[in-house]
Structure formats: structure tokens, C-alpha cells
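# Overview (structure and organization)
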Amino acid sequence: MDQETAKALFKEGACLLLQGVPEGTEFGMDWNSWSIGPKFEGVKMVPPGIHYVFYSAVSQLDGHQAPRTGFFHDFKRQEIVVKRWLPESEELLDQPKSAEEKQQIKMNLVNMDKNLAPYPYETLKKWISMSNHCTPHLVDKLSPECGIITSVLEMFPSSGRSKDNIGKDGLPLLTVNPTTVIRFSKIPELWYPEGAEAAEITKHSMDSSYVMKAIISCYHDPMNLLGELQFSFLCFILGQVMDAFDHWKKLVRIICYCENSLHDLQNFYLLLISVLYHQIVEIPSDFFVDITSSDNFLIVALSRLFSNIDSTDDTELKQRAVLFRKHLTKKLKWKFNHEPDDCKPVVVKT
């Protein structure tokens, strides 16, 4: 990057300033992470838009790393975000600044420049491809009420002294702090309407269109479901939240098993292939081995997706699906259209 470009990005980009963060703390933004040094004060030249910031405290005694904590933030042009480290809880908290203080910080940025890490623009294209459907409104809707995403949920003892709140070991039962839970869309447990007849249950067990419509109805735009797919994937890969991975798997299966409604959502499925392409590339190869050796989740789901797309009359969608399938077969040696017995649809006899 030449000097003139760097100056322009420094002037127009946002800054994340960190105060009091201990040396050795793991800190990252999007696909980049650092071990904080003694002079590190934050990140400069942050491109405007949604970004994910994460960190993990590291023990000064044995180097043990605490569970990862993070948050999404919609950085504005020339915005300055200030966070201060709270030693007691080992977390970054907002450090509100008055307009006068913000102006003083802006004037002092040049002097702080040597202690600010530049945002690595070589990874920006990759980040955009993984988050381009995550709008600020969607991120606010899905993020926990507290605004912080933790790899381990915060728990506290159940209130009251009743027997129902005491475990077999005599200790109080723990309850999840609801303000720390990611607010994913609720997925119906059943793929068919309540009170459905046997034939309907069989039909809906083979085609997820009913539950797909139920989830999409929570949004004004069906494309927001792609945003939730990306959001849950990022929370898993970067936030290390296993519940997010479980939600991602449920969404993928529902989307891939949708047959009748696919004809009304062909643009959605065109974009879906791009989303899945970039996500699968980011999962480590040994992670695929674990999946394919257990229940073949992705192979089964994608086999159904390719079959459903093949039944449409959308030439562009078919061509894109063929290219995606060939890519997966070549890169991962996956063979499609094999469906294990425990993944076959439920047939209800009358």
C-alpha cells in the first residue's frame, strides 16, 4: 500500500481505541488476530461497516486462555470507538466520551499512530464475502440483549430455596442469564402444522417448505435469512459458540430440504450457493472428516439441495449448482445422492 493511499484510509476509516488491555491478551477483528504487545492501543483505518471484535484474557501465571468474548459493531466513517479493560471481569467496556474529548482524541491520533495496528485490507474481501448479508438491523436483532457474545454462557444460581431449585448434589441449580443468549429465530420443532393428518406429516417430513415459510415470516425480506445463516456461522467460527453451530446446521438442513417453495425463492437460492461456498472453504478439513464420519450432515443436505434445484426450470440456478457441486467433489472428494437410513423422510402409515 502506497503512502498516499494509507493517509486517505487513515483519514476516512474508523478507529477502535483500547485502554488498559493487559499485554499478551488475544485480540482480533474479523479474520485477523494479534497477541497484544506493551504499546498496542487499538486498530486504525477500519473500513466502515459491520465488523466482529473478539478477545480472550490470558493468565499471567500459566498462559491459560479464558473463553472468547466478542461483539459486532457497525463502524461509521471516521468514527472513534473507545473501550476500556475492566480487570475484575476481564472484559472490554464502552468508555463514553464527550464531544470535546472525542475532538481531542482525533487531534491526538497522529501521535498515537505508531501504536495503532492498521486494519489488514488484504483480508477485507474475504470478510465481506462472509458477512455481506449481515445488516446493522439484523445484527442488532440477533445479538444478545447485553450486546456481548461469549463462547460460554453466563450462569447464575436459580432464585428461591424450593426443592425444585436444588440439584441432587444439594447445590443450587444454575440458570442461564437470558441477556447473554443469542436471539436466533425460533425454529419450530415440527416440520408440519399442528393437527396434521398422516399424509400431511409424510409430505412435510420430505419437504421443509412449511417450516421455511414460518422462519421467513419473521423477516420483511427473505434475504435476511441468509444474513442469519452468516451471523450464526461467524458466531461459531470466530466467536467459538457451539450453539451457533447447531443453529447453523438446522438452518442449512431446512433451506436445503425446501422443495415446493424453492420455485418462489430462486434469487434467494442463487445467493445461498455463494454463501455456502465461502463458508465451507473456511471450515478446517479435519472438521469435515468429523462430520462425514458421523452423520454425513452436509453431504446429505447438499444432495437434497442439488436434487431440488435440478427439478426447477431456472437455467442460471442449475448451472451455478452444477459448478458448486463439481467444486465440492473435486476439493473434498464428496459423493452426493447417498442418503443414510436415519436421514430418510418419515413415512406415516394411515
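See the structure printed just above.
Cut-offs used in this document
Residues numbered from 1 in each chain as written. Predicted model: local features only at pLDDT ≥ 70, side-chain atom pairs only at ≥ 80, totals over all residues. Heavy atoms only, no water. Helix = DSSP H or I, 4+ residues; strand = E, 2+ residues; numbered from the N terminus. Contact = heavy atoms within 4.5 Å. Areas by Shrake-Rupley, 256 points an atom, 1.4 Å probe, with all protein chains shown as cover. Buried < 20%, exposed > 50% of the residue type's maximum accessible area, 1.4 Å probe, protein only. Axes fitted to C-alpha atoms, helices over the stretch in contact; angles between N-to-C directions. Parallel < 35°, antiparallel > 145°, perpendicular 65-115°, else oblique. Left-handed = near helix turned anticlockwise from the far one by under 90°. Nonpolar A, V, L, I, M, F, W, Y, C, P; charged D, E, K, R; others polar. Pairing = 2+ DSSP bridges. Patch = residues over 30% accessible without salt bridge, like charges linked within 9 Å, V, L, I, M, F, W, Y side chains within 5 Å. Salt bridge = Lys/Arg side-chain N within 4 Å of Asp/Glu carboxyl O. Phe/Tyr/Trp six-rings, centres within 6.5 Å; stacked < 30°, edge-to-face > 60°.

## Observations regarding the overall build of the protein
Scanning the protein for helices and strands turns up 12 helices and 12 strands. Relative to all contacts within the protein whose residues are 6 or more apart in sequence, the contacts with residues 24 or more apart total 70%. As displayed, the protein offers around 19100 Å² of accessible surface, 53% of which is attributable to carbon and sulfur atoms.

## Focus: unusual backbone geometry
One non-glycine residue, Glu90, lies in positive phi territory at about 55 degrees. For Glu90, the position within the fold is in the loop between strand S7 (80–86) and strand S8 (91–94). For Lys333, which is not glycine, the phi dihedral falls at a positive 60 degrees. Tracing the sequence through the fold places Lys333 in the segment after helix H12 (315–332). Taking the relative accessible area as the measure of exposure, Lys333 reaches 64% and is therefore exposed.

## Thoughts on the packing of helix H11 (residues 297–310) against H12
At a closest axis distance of 9 Å, the pairing of H11 and H12 adopts a crossing angle of 155 degrees. Regarding the angle of H11 to H12, the classification is roughly antiparallel. Relative to H12, H11 is oriented so that their crossing is left-handed. Contacts from Leu302, Phe306, Ile309 and Asp310 of H11 reach H12 at Leu317, Lys318, Ala321, Phe324, Arg325 and Leu328. Taken together, the residues of the contact of H11 with H12 sort by class into seven nonpolar, no polar and three charged.

## Quick notes on the sheet that holds strand S6 (residues 69–75)
Sheet strands line up and pair through hydrogen bonds in the backbone, either parallel or antiparallel. Strand order in the open sheet formed by five strands is S3-S2-S5-S6-S10, with antiparallel pairing between adjacent strands. Two strands close off the open sheet at either side, each with one partner strand: strand S3 (32–35) and strand S10 (149–150). When strand S2 (residues 26–29) meets S3, the two strands line up antiparallel, connected through four bridges. Along S3, the bridge assignment pairs Phe27 with Trp34.

## Some details on a nonpolar patch on the surface
A cluster of nonpolar side chains, Leu153, Met155, Leu174 and Val181, forms an exposed patch at the surface whose accessible area comes to about 320 Å². Within the element layout of this structure, Val181 appears in the loop between strand S12 (174–176) and helix H5 (198–206). Accessibility expressed as a relative area gives 31% for Val181, which makes it partly exposed.

## Points about the side chain of Gln266
Relative to the helices and strands, Gln266 resides in helix H9 (residues 266–282). Taking the relative accessible area as the measure of exposure, Gln266 reaches 17% and is therefore buried. Once residues within four sequence positions are removed from consideration, Gln266 is found in contact with Thr312, Asp313, Asp314 and Leu317.

## Details of the environment of Leu305
Position of Leu305 among the secondary structure elements: in helix H11. Among the residues examined, Leu305 registers a relative accessible area of 1% and is labelled buried. Here the alpha-carbon distance between Leu305 and Asn337, two residues 32 residues apart in the chain, equals 10.0 Å.

## Brief notes about the pairing of strand S4 (residues 42–46)
Among the five residues of S4, five are classified as buried, and the element is accordingly described as predominantly covered. For strand S1 (residues 14–19) and S4, the ladder comprises three bridges, and the chain directions are antiparallel. Within S4, the position partnered with Ala14 by the bridge is Val46. When S4 meets strand S9 (residues 116–118), the two strands line up parallel, connected through three bridges. Along S9, the bridge assignment pairs Val43 with Ala117.

## Some remarks on the packing of aromatic side chains
All chains considered together, the criterion is met by 19 aromatic pairs. A ring pair is formed by Trp34 and Phe40, whose centres lie 6.4 Å apart and whose planes are at 35 degrees; its orientation type is tilted. On the basis of relative accessible area, Trp34 is assigned to the partly exposed category, the value being 23%. Residue Phe40 is classed as buried on the basis of its relative accessible area, which comes to 19%. When the ring of Phe306 is compared with that of Phe324, the centres are 6.0 Å apart and the planes differ by 75 degrees; the resulting orientation is edge-to-face. In this pair, Phe306 sits in helix H11 while Phe324 sits in helix H12, placing the two residues 18 residues apart along the sequence. On the basis of relative accessible area, Phe306 is assigned to the buried category, the value being 6%.

## What to know about the pattern of salt bridges
Tallying each qualifying case throughout the model produces seven salt bridges. In this structure, Glu26 and Arg68 form a salt bridge, with 2.6 Å as the shortest nitrogen-oxygen distance. Taken as a pair, Glu26 in strand S2 and Arg68 in the loop between strand S5 (49–56) and S6 lie far apart in primary sequence, 42 residues in all. Where Lys44 meets Asp113, a salt bridge forms, and the shortest distance between an N and an O atom there is 2.4 Å. Note that Lys44 is positioned in strand S4 and Asp113 in the loop between helix H2 (99–112) and S9, a separation of 69 residues in sequence. Given the relative accessible area of 28%, Asp113 is considered partly exposed.

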